[in-house]
Amino acid sequence: MTVIRDAQARRSETPGGVMTTFASPTQGGASRSLWKVEAKPGAVGPVHDFDSEQVWSWIEGAATVELGGETFAVAAGDVVVMPARTVRRVLADADGGYTAVVTAPAGARAMTADGADYGVPPWIA
């Protein structure tokens, strides 16, 4: 068993917010990655895709999820299963942003909507 203390959590900042990695292959040797997304109010994520499923659980705030050509309003308590190879974008609530906890298989690779490889994001590695 590996214990990862809060002080050891890896934080990655982007213009839209902060991702805090709780566990991943390089943090605890986990076979799945688990991280928290704290999106700034009004943050607009990129249109992108992943090669594996992600599960998002909103714990605070609200967002609009564009997934596979559909649009969903989500808020604290909601969960979205984002299938692999399904183009997506997450837009944070303009007033309060959101906080979500996300999991995906270790090594999940991000890509552009047309399939160009972005690689493994640092919060999943």
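Residues numbered from 1 in each chain as written. Predicted model: local features only at pLDDT ≥ 70, side-chain atom pairs only at ≥ 80, totals over all residues. Heavy atoms only, no water.

Examining the overall build of the protein
Right, so step 1: The secondary structure content of the protein amounts to zero helices and 11 strands.
Right, so step 2: Along its sequence from the N terminus, the protein presents helices and strands in the succession β-β-β-β-β-β-β-β-β-β-β.
Right, so step 3: In terms of overall dimensions, the protein is globule-like: its C-alpha atoms have a radius of gyration of 14 Å, near the 14 Å expected for 125 residues.
Right, so step 4: Its C-alpha atoms put the protein at 40 × 30 × 25 Å along the principal axes.
Right, so step 5: Out of the 125 residues belonging to the protein, those deemed buried represent 38%.
Right, so step 6: Residue pairs at least 24 apart in sequence account for 61% of intrachain contacts in the protein once pairs closer than 6 positions are excluded.
Right, so step 7: About 6,400 Å² of surface is accessible on the protein, with carbon and sulfur atoms providing 55% of the total.
Right, so step 8: Side-chain charges of the protein comprise 10 positive and 14 negative groups, with the mean position of each set lying 9 Å from the other. (Helix = DSSP H or I, 4+ residues; strand = E, 2+ residues; numbered from the N terminus. Rg over C-alpha atoms; globule rule 2.2 N^0.38 Å. Buried < 20%, exposed > 50% of the residue type's maximum accessible area, 1.4 Å probe, protein only. Contact = heavy atoms within 4.5 Å. Areas by Shrake-Rupley, 256 points an atom, 1.4 Å probe, with all protein chains shown as cover. Lys, Arg positive; Asp, Glu negative; His and termini not counted. Charge placed at Lys NZ, Arg CZ, Asp CG, Glu CD.)

Some details on the nonpolar core
Right, so step 1: Residues Trp 35, Trp 56, Trp 58, Val 65, Val 90 and Tyr 98 are the most contacted members of the largest nonpolar core, which totals 24 residues.
Right, so step 2: Elements supplying a minimum of two residues to this core: strand E3 (32–39), strand E5 (54–67), strand E7 (79–82), strand E8 (88–92) and strand E9 (98–105).
Right, so step 3: Setting aside chain neighbours within four positions, we find Val 90 in contact with Ala 43, Val 44, Gly 45, Trp 56, Trp 58, Ala 63, Thr 64, Val 65, Met 82 and Tyr 98. (Core = buried A, V, L, I, M, F, W, Y, C linked by side-chain atoms within 4.5 Å.)

Examining the side chain of Thr 86
Right, so step 1: Structurally, Thr 86 is set in the loop between E7 and E8.
Right, so step 2: Exposure remark for Thr 86: the relative accessible area of 17% places this residue in the buried category.
Right, so step 3: A polar contact is formed between the side chain of Thr 86 and the backbone oxygen of Ala 84, at a distance of 3.2 Å.
Right, so step 4: Beyond its immediate chain neighbours, meaning those up to four positions away, Thr 86 contacts His 48, Asp 49, Leu 67 and Gly 68. (Polar contact = N/O pair within 3.5 Å; in protein donor to acceptor, adjacent residues only side chain to side chain.)

Details of the environment of Ala 110
Right, so step 1: Mapped onto the elements, Ala 110 comes out in strand E10 (residues 110–112).
Right, so step 2: Residues Ala 110 and Met 82, spaced 28 residues apart in sequence, show a C-alpha to C-alpha distance of 13 Å.
Right, so step 3: Excluding its chain neighbours within four sequence positions, the residues that come into contact with Ala 110 are Asp 49, Phe 50, Ala 116, Asp 117, Tyr 118, Gly 119 and Pro 121.

Structural notes on the pattern of salt bridges
Right, so step 1: Tallied over the entire structure, the rule returns five salt bridges.
Right, so step 2: With a closest N to O distance of 2.9 Å, Arg 89 and Glu 66 form a salt bridge. Placement of the pair is Arg 89 in strand E8 and Glu 66 in strand E5, with a sequence separation of 23 residues.
Right, so step 3: What makes Glu 66 partly exposed here is its relative accessible area of 26%.
Right, so step 4: We note a salt bridge from Arg 109 to Asp 117, for which the minimum N-O separation is 2.6 Å.
Right, so step 5: Relative accessible area serves as the criterion here: at 34%, Arg 109 is assigned to the partly exposed category.
Right, so step 6: Its relative accessible area of 48% is what places Asp 117 among the partly exposed residues. (Salt bridge = Lys/Arg side-chain N within 4 Å of Asp/Glu carboxyl O.)

Regarding the packing of aromatic side chains
Each aromatic ring pair is described using two quantities: the centre-to-centre distance and the angle formed by the ring planes.
Right, so step 1: One pass over the full model with this rule turns up three aromatic pairs.
Right, so step 2: Geometrically, the ring pair formed by Trp 56 and Trp 58 is stacked, given 5.4 Å between the ring centres and 25° between the ring planes. We note that Trp 56, like Trp 58, is buried.
Right, so step 3: An aromatic cluster is present here, built from Trp 56, Trp 58 and Tyr 98 joined pairwise through their rings. (Phe/Tyr/Trp six-rings, centres within 6.5 Å; stacked < 30°, edge-to-face > 60°.)

Spatial relationships are all this shows, so hold off on functional conclusions.
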